[in-house]
Amino acid sequence: MNCFADIKLNAWHVVVALVSFTIILVIMKKPDVEKNADDVMENYLVELDDHTISDAIVTQDGYVCLYTNGSVFCDKMKSNLNRFAGKKQNKTICFAVNLDDSPGPYTQFNISGVPSILVFKGGKEIKRILGVIPESNLEKIYKIINH
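Quick caveat: nothing in here was measured; it's all calculated off a predicted structure. (Residues numbered from 1 in each chain as written. Predicted model: local features only at pLDDT ≥ 70, side-chain atom pairs only at ≥ 80, totals over all residues. Heavy atoms only, no water.)

### Points about the overall build of the protein
(1) Moving on: Of the regular secondary structure elements, the protein holds 6 helices and 5 strands.
(2) Moving on: Starting at the N terminus and ending at the C terminus, the protein contains elements arranged as α-α-β-α-β-α-β-α-β-β-α.
(3) Moving on: The buried share of the protein, reckoned over its 147 residues, is 32%.
(4) Moving on: Residue pairs at least 24 apart in sequence account for 71% of intrachain contacts in the protein once pairs closer than 6 positions are excluded.
(5) Moving on: Summing over all exposed atoms, the protein offers an accessible surface of approximately 9900 Å²; the carbon and sulfur share of this is 60%. (Helix = DSSP H or I, 4+ residues; strand = E, 2+ residues; numbered from the N terminus. Buried < 20%, exposed > 50% of the residue type's maximum accessible area, 1.4 Å probe, protein only. Contact = heavy atoms within 4.5 Å. Areas by Shrake-Rupley, 256 points an atom, 1.4 Å probe, with all protein chains shown as cover.)

Rendered as structure tokens:
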């Protein structure tokens, strides 16, 4: 004996099930607020390449973010540095170098991994940061270097 033999489904049953399923999916979907905020944020990082990096670090003190395409960690670090750079306008400059397009800095600066942040002052590297660090740590480094 089949217990489901007496159940009849009407069209409205299917509609209610589809609407309910859609509402549950919408409610449970977690929005990626941070990514959307970064998408609309102005870019304060100055892009450099193999030809412009040497002149930039000799003539200006600042931070250089070395990154590759498609890395979640590089994207996060660039985002943190970009927010930091937005707050430090006219006080320090922040650069970015895409190592996929400009591989020269790999050997020029002996890069062992990405993301890497190099801090330059007076044309010399004074600090090296490997990996992702929060914007607050960039601020602490800035205060130590400039005070």
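### Observations regarding helix α4 (residues 72–87)
(1) Moving on: Here α4 contains 16 residues, and its C-alpha end-to-end distance of 23 Å stays within 8% of the 22 Å for a straight helix at 1.5 Å per residue.
(2) Moving on: Those residues of α4 lying buried are Cys 74, Met 77, Ser 79, Asn 80, Leu 81, Asn 82, Phe 84 and Ala 85. (Expected span 1.5 Å × (residues − 1).)

### Structural notes on the pattern of salt bridges
Should the charged atoms of two oppositely charged side chains come close, the side chains can pair.
(1) Moving on: Here the structure, examined in full by the defined rule, presents 4 salt bridges.
(2) Moving on: Across the salt bridge formed by Arg 83 and Glu 135, the nearest N and O atoms sit 3.2 Å from each other. Of this pair, Arg 83 sits in helix α4 while Glu 135 sits in helix α6 (residues 135–146), and the two are 52 residues apart along the sequence.
(3) Moving on: You can call Arg 83 partly exposed: its relative accessible area is 22%.
(4) Moving on: Between Arg 128 and Glu 125 there is a salt bridge; the shortest N-O distance is 2.8 Å.
(5) Moving on: In this structure Glu 125 comes out as partly exposed when scored by relative accessible area, which is 33%.
(6) Moving on: Each of the salt bridges in this network shares a partner with another, and the network as a whole consists of Arg 83, Lys 87 and Glu 135. (Salt bridge = Lys/Arg side-chain N within 4 Å of Asp/Glu carboxyl O.)

### Observations concerning the side chain of Thr 68
(1) Moving on: Tracing the backbone shows Thr 68 in the loop between β2 (62–67) and α4.
(2) Moving on: Excluding its chain neighbours within four sequence positions, the residues that come into contact with Thr 68 are Cys 74, Asn 98, Leu 99, Asp 100, Tyr 106 and Val 114.

### A short note on the state of the cysteines
(1) Moving on: Evaluated as defined, the whole model comprises 0 disulfides.
(2) Moving on: Take Cys 94: it sits in no disulfide, and the sulfur closest to it among the cysteines is that of Cys 65, at 9.2 Å. (Disulfide = S-S within 2.5 Å.)

### Remarks on the sheet that holds strand β5 (residues 124–130)
(1) Moving on: Spatial strand order, β1-β3-β2-β4-β5: 5 strands in an open sheet with mixed pairing. Lying at the two open borders of the sheet, with one neighbouring strand each, are β1 (46–48) and β5. Ignoring which end each strand starts from, the neighbouring axes of this sheet average 25° apart.
(2) Moving on: Pairing between strand β4 (residues 116–121) and β5: 6 bridges, direction antiparallel. (Pairing = 2+ DSSP bridges. Axes fitted to C-alpha atoms, helices over the stretch in contact; angles between N-to-C directions.)

### Side note on the packing of aromatic side chains
Remark: the centre distance and the inter-plane angle together describe each pair of aromatic rings, the angle taken between the planes.
(1) Moving on: Applying the stated criterion to the full structure yields 3 aromatic pairs.
(2) Moving on: On the basis of an interplanar angle of 70° and a centroid distance of 6.0 Å, the ring pair of Phe 84 and Tyr 142 is categorised as edge-to-face. Placement of the pair is Phe 84 in helix α4 and Tyr 142 in helix α6, with a sequence separation of 58 residues.
(3) Moving on: Overall, Phe 84 belongs to the buried group, its relative accessible area being 1%.
(4) Moving on: On the basis of an interplanar angle of 65° and a centroid distance of 5.6 Å, the ring pair of Phe 109 and Phe 120 is categorised as edge-to-face. Note that Phe 109 is positioned in the loop between α5 (104–108) and β4 and Phe 120 in strand β4, a separation of 11 residues in sequence.
(5) Moving on: By relative accessible area, which is 5% here, Phe 120 ends up buried. (Phe/Tyr/Trp six-rings, centres within 6.5 Å; stacked < 30°, edge-to-face > 60°.)

Limitation: the analysis is restricted to geometry and does not speak to function.
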